[in-house]
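Descriptive structure summary
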Amino acid sequence: MRGSVYYQTALLTKSIFKEGAKKYQRTDSEHPYYQCIASFQTMKTYRNVWNNLGNYLKEHWRLKDFEKITPEHIDAYISYKIEYYPSKQYLEKIVAAIGKLEWALCFFCRDTYGKERVYDFNVRSQLLHYAKVQNLVAEGYHNRVYQYPEEIINNLSNPMHKIAARIQLYGGARAEGVTLLREDQFKGIKIDSITNKMIGTIMTKEKGGKEGKVMVDMDTYAYFEDFFQDYAIFRINYQKYADDIKKSCLKLGIIPQGTHGFRWTFAQNRVREYQEAGYSYEQALQGVSWEMKHFRADITEHYLGG
């Protein structure tokens, strides 16, 4: 499929939108309107989600063809949305829209090539269930900054979890950037141009294949210099790591915000460091966005409650 994101979603809309189709027609597997969308407002809402998905895949995965979307892409997109602690209703809307995208792609291929192509984006339902069970969705906006992150880290039961959490807290890494690390990712020591402090640098690859340097404090970097004398790979289990954080929070009487709470805290603290170094608020937002592997400054503002 060629053309802009908006042109492609227009073609997909044409394949699935049947204004005025009756419910019995849309639920009868033998009817030509089976699984079609009849409401203009619903179609508009879902197409907005498709546009957002398309722009995300273009920016993060360099994918420009909707026909080439795979379950891996859907997994990455929804996980990306969950990062920002969405409302339950918003995440449910995204999942429903992607469910219809599945059908729209099937219909488009049938109408264009004479045969349907099977798309399976069922991972969307699994991620929705996981987000609800793990309390990763909210009824409205909720700031996930940890007020006492060091206490949470100190109370983690696994020493390797403590190290992973420190990388997230002081470097802003996503969880997938700290669950598996190799020695060749460690790029040495330098001066942080914002704080003028000595820091260690780690090259991480996160969702969508985005690479970038994460800065860590000298104690954490020294830990890894010793660690790689004896081991080839630093690896932790994400679920056990998340559970350890939850238990630590509950023990301290703190509301658990998951692994991503450390990333929220990093964003808030790092913006403050930029401002203390003489940068304007807007410059601080953009600088922190780049450090967190985003392009737009307004994404960082989300972490600050803006």
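For the structure itself, consult the block above.
These notes cover the structure that comes with them. (Residues numbered from 1 in each chain as written. Predicted model: local features only at pLDDT ≥ 70, side-chain atom pairs only at ≥ 80, totals over all residues. Heavy atoms only, no water.)

1. Details of the packing of helix α8 (residues 159–171) against helix α11 (residues 260–276)
The cut-off we apply is this: Working convention: axes come from line fits to C-alpha atoms, limited for helices to the stretch in contact. Angles between N-to-C directions cover 0 to 180 degrees. Secondary structure counts use DSSP, requiring at least four H or I residues in a row for a helix and at least two E residues in a row for a strand, with both numbered from the N terminus. Angle categories are assigned with fixed cut-offs, so that under 35 degrees is roughly parallel, over 145 is roughly antiparallel, 65 to 115 is roughly perpendicular, and the rest are oblique. The contact criterion used is simple: two residues touch if any of their non-hydrogen atoms lie within 4.5 Å. The nonpolar class holds Ala, Val, Leu, Ile, Met, Phe, Trp, Tyr, Cys and Pro. Asp, Glu, Lys and Arg form the charged class, and all remaining residues, Gly among them, are polar.
Close contact between α8 and α11 brings their axes to 6 Å; oriented N to C, the two are set at 30°. Accordingly, the angle class assigned to the pair α8 and α11 is roughly parallel. On the side of α8, the interface is formed by Ala165, Gln168, Leu169, Tyr170 and Gly171, while α11 contributes Phe262, Arg263, Thr265 and Phe266. Here the contact of α8 with α11 is built from residues that sort into 5 nonpolar, 3 polar and 1 charged.

2. Quick word on the packing of aromatic side chains
To keep it simple, the criterion reads: The criterion for an aromatic pair is that two Phe, Tyr or Trp rings (for Trp, the six-membered ring) have centres within 6.5 Å, with stacked assigned to planes under 30 degrees apart, edge-to-face to planes over 60 apart and tilted to the rest. The classification of residues rests on relative accessible area computed with a 1.4 Å probe and restricted to protein chains. Under 20% of the type maximum is buried, over 50% is exposed, and intermediate values are partly exposed.
Enumeration according to the criterion identifies 17 aromatic pairs in this entry. On the numbers, 5.0 Å between centres and 50° between planes, the contact of Tyr146 with Phe262 is tilted. Here the residue Tyr146 occupies a position in the loop between α6 (123–133) and α7 (149–154), and Phe262 occupies one in helix α11, the gap between them amounting to 116 residues. Phe262 shares its class with Tyr146; the two are buried. Grouping aromatic residues by their ring pairs yields a cluster made of Phe186, Tyr221, Tyr223, Phe224, Phe227, Phe228, Tyr231 and Phe234.

3. Concerning the side chain of Gln25
Checked against the element boundaries, Gln25 lands in helix α2 (residues 23–27). Aside from chain neighbours lying at most four places away, what touches Gln25 is His31, Tyr33 and Tyr34.

4. Digging into the pairing of strand β3 (residues 198–205)
On a regular strand, one side chain projects to one face of the sheet and the next to the other, so that they alternate. Test applied: Following DSSP output, two strands are said to pair if at least two bridges run between them.
Sheet topology places strand β2 (residues 186–191) next to β3; 4 bridges connect them, and they run antiparallel. If you follow Ile189 over to β3, its bridge partner there is Gly200. Sheet topology note: the β3/strand β4 (residues 211–216) ladder contains 6 bridges and is antiparallel. The residue bridging Gly200 from the neighbouring strand is Val216, located in β4.

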